[in-house]
Number of protein chains: 2
Amino acid sequence: MSPPPETQGYKFNHTMIRVKDPKVSLKFYTEILGMELIAEHPANGFTLYFLGYDHSKGTASAEEKSEGRFDREAILELTHNHGTESDPNFAGYASGNTEPGRGFGHIAFAVPNVEEACARLESLGVPFKKKLTEGTMKNIAFALDPDGYWVEIIPRHFTP
Amino acid sequence: MSPPPETQGYKFNHTMIRVKDPKVSLKFYTEILGMELIAEHPANGFTLYFLGYDHSKGTASAEEKSEGRFDREAILELTHNHGTESDPNFAGYASGNTEPGRGFGHIAFAVPNVEEACARLESLGVPFKKKLTEGTMKNIAFALDPDGYWVEIIPRHFTP
């Protein structure tokens, strides 16, 4: 079945997750996973951070990247509700993979070399839900981001 | 700061959510939102469905699209744990936006014309968490998918 013509030009633009402390989450998604912080949008009581890989191969300005962030794919939006990072009573966010109600599963990063990528994550102290050597799927790993969200590491040329 | 060279070629490949009934979810994401079902991967007790917009502008075969699904961006993976669709005791999945532990927020679709897109969703009977006319942001809406996940509808040329 062909897509309905009314949906022409639709794009799966972004995925949003809430994070406790933007400082550690931004470090994780930029310095460890290599995304770029494209825009920062402070609002009343919260700040939104938009991250993505550079689609322009270095040719776009920071302003062009920021302005174009809704006209592309694969943006990760991090929502920080101000105060959670220092609130001793904040229980943390559910990763989506625990009961009751587990629903959201994970986000996934496809990499050219999954062994190299996982070795680097380990060397950077990133914890894993499932290392490459664990379980039955030896070419997929699940790292954990600072809030405990599952981050799948998968080969770009994966064949299940 | 430039991305670490070790992360060259990394892609934000997919987002995974669990769904109760693939029949209604596939209808929602293909017939209503216009994604294509690119691959279906049955496993022991569950089935994975991979959806995405066609990046090839109609030039790729179904096999090429399926094989290339880990080497691109903006894939939506739906996990169906067999039996939930007919289990009267299944309580449904948490959307991520309720306490306790609300963490996952939403997925977002950027569209050329947000008024037309929302009018069409309404005419198709899709419920909304926030219609365009509600709240302070008049150019963003949040529809609800069959499991209650929030699906943001946003203009491709959005300016906050």
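Basis of the calculations
- Residue numbers here run from 1 along each chain, matching the order of that chain's written sequence.
- Whichever chain is written first becomes A and whichever ligand is written first becomes 1, with later ones labelled in order.
- Local features in this predicted model are restricted to residues of pLDDT 70 or higher, and side-chain atom pairs are both shown and tallied only at a pLDDT of 80 or more, whereas totals for entire chains, interfaces and linings draw on every residue.
- To obtain the side-chain values, all non-hydrogen atoms of the structure were included, while hydrogens and water were left out.
- Start and end points for every domain follow an automatic or database-based domain assignment.
- Note on contacts: a residue pair is in contact if any heavy atoms of the two residues lie within 4.5 Å.
- Note: buried area is the sum, over both parts, of the accessible area (probe 1.4 Å) each one loses when the two are combined.
- Whenever a carboxyl oxygen of Asp or Glu lies within 4 Å of a side-chain nitrogen of Lys or Arg, that contact is scored as a salt bridge.
- Under the rule applied, a polar contact is a pair of N or O atoms within 3.5 Å (in protein, one hydrogen donor and one hydrogen acceptor; residues adjacent in sequence only if both atoms are side-chain atoms).
- Secondary structure is summarised from DSSP: a helix means a run of H or I of at least four residues, a strand means a run of E of at least two, and numbering begins at the N terminus for each.
- Each residue is assigned to one class: nonpolar for Ala, Val, Leu, Ile, Met, Phe, Trp, Tyr, Cys and Pro, charged for Asp, Glu, Lys and Arg, and polar for all the others, Gly among them.
- Buried Ala, Val, Leu, Ile, Met, Phe, Trp, Tyr and Cys residues that are joined via side-chain atoms within 4.5 Å together make up what is termed a nonpolar core.
- Any residue under 20% of the maximum accessible area for its type is buried, any over 50% is exposed, and the rest in between are partly exposed; the area is computed with a 1.4 Å probe on protein chains only.
- Pairing between strands is defined by DSSP: at least two bridges between them are needed.

Next up on the list: the domain arrangement of chain A. Residues and elements named next belong to chain A. Split into domains, chain A comes out as domain 1 (12-93) and domain 2 (105-160). Each of domain 1 and domain 2 was reduced to a C-alpha centroid, and the two centroids are 21 Å apart. Taken together, the contacts link 16 residues of domain 1 with 13 residues of domain 2. Between domain 1 and domain 2, roughly 1100 Å² of surface is buried when both sides are summed, and carbon and sulfur atoms account for 69% of that area. Counting every contact that joins domain 1 to domain 2 gives 0 salt bridges. Remark: the boundary between domain 1 and domain 2 carries 6 residue pairs in polar contact (both at pLDDT 80 or more). Residue assignment for the side of domain 1 that touches domain 2 shows that the elements contributing at least two residues are strand S1 (11-18) and helix H1 (22-32). No other element matches H1, which puts 6 residues into the side of domain 1 that touches domain 2. Classifying every residue of the side of domain 1 that touches domain 2 gives 11 nonpolar, 2 polar and 3 charged.

Soluble globular proteins: nonpolar side chains tend toward being buried together. With 68 residues, the main nonpolar core has Tyr29(A) and Tyr29(B) as its most contacted residues. With residues up to four places along the chain from it excluded, the contact list for Tyr29(A) reads Ile17(A), Gly34(A), Met35(A), Leu51(A), Leu76(A), Leu78(A), Ile107(A), Phe109(A), Asp145(A) and Val151(A). Among the nonpolar cores identified, the runner-up in size contains 13 residues, and Ile140(A), Phe142(A), Trp150(A) and Ile154(A) belong to it.

Here we take up the interface of chain B and chain A. The interface is formed by 63 residues belonging to chain B together with 63 residues belonging to chain A. For the chain B and chain A pair, buried surface summed over both sides reaches about 5300 Å², with 58% attributable to carbon and sulfur atoms. When the buried area of chain B at its contact with chain A is split by residue, Tyr10(B), Phe12(B) and Phe70(B) rank highest and sum to 15% of it. Notably, a salt bridge pairs Asp71(A) with Arg156(B), separated by 2.6 Å at the nearest N-O pair. Summed over the shared surface of chain B and chain A, the result is 34 residue pairs in polar contact (both at pLDDT 80 or more). Elements that contribute at least two residues to the side of chain B that touches chain A include exactly strand S1 (11-18), helix H1 (22-32), strand S2 (36-42), strand S4 (75-81), strand S5 (104-111), helix H3 (114-123) and strand S8 (150-155) of chain B. Among the residues making up the side of chain B that touches chain A, the classes are represented as 30 nonpolar, 19 polar and 14 charged. In this sheet, S5(B) lies alongside S1(A) in antiparallel orientation, the contact comprising 6 bridges. Bridge pairing in S5(B) links Thr15(A) to Ile107(B).

Glancing now at unusual backbone geometry. Residue and element names in this part refer to chain A. In this structure, the amide linkage connecting Glu-99 to the following residue, Pro-100, adopts the cis form with an omega of -5°. In this structure, Pro-100 sits in the loop between strand S4 (75-81) and strand S5 (104-111). In this model, Lys-57 sits at a positive phi of 55°, which is unusual for a non-glycine residue. Relative to the helices and strands, Lys-57 is located in the loop between strand S3 (46-52) and helix H2 (62-67). Positive phi is not limited to glycine here, since Ala-74 has a value of about 65°. Mapped onto the fold, Ala-74 is located in the loop between H2 and S4.

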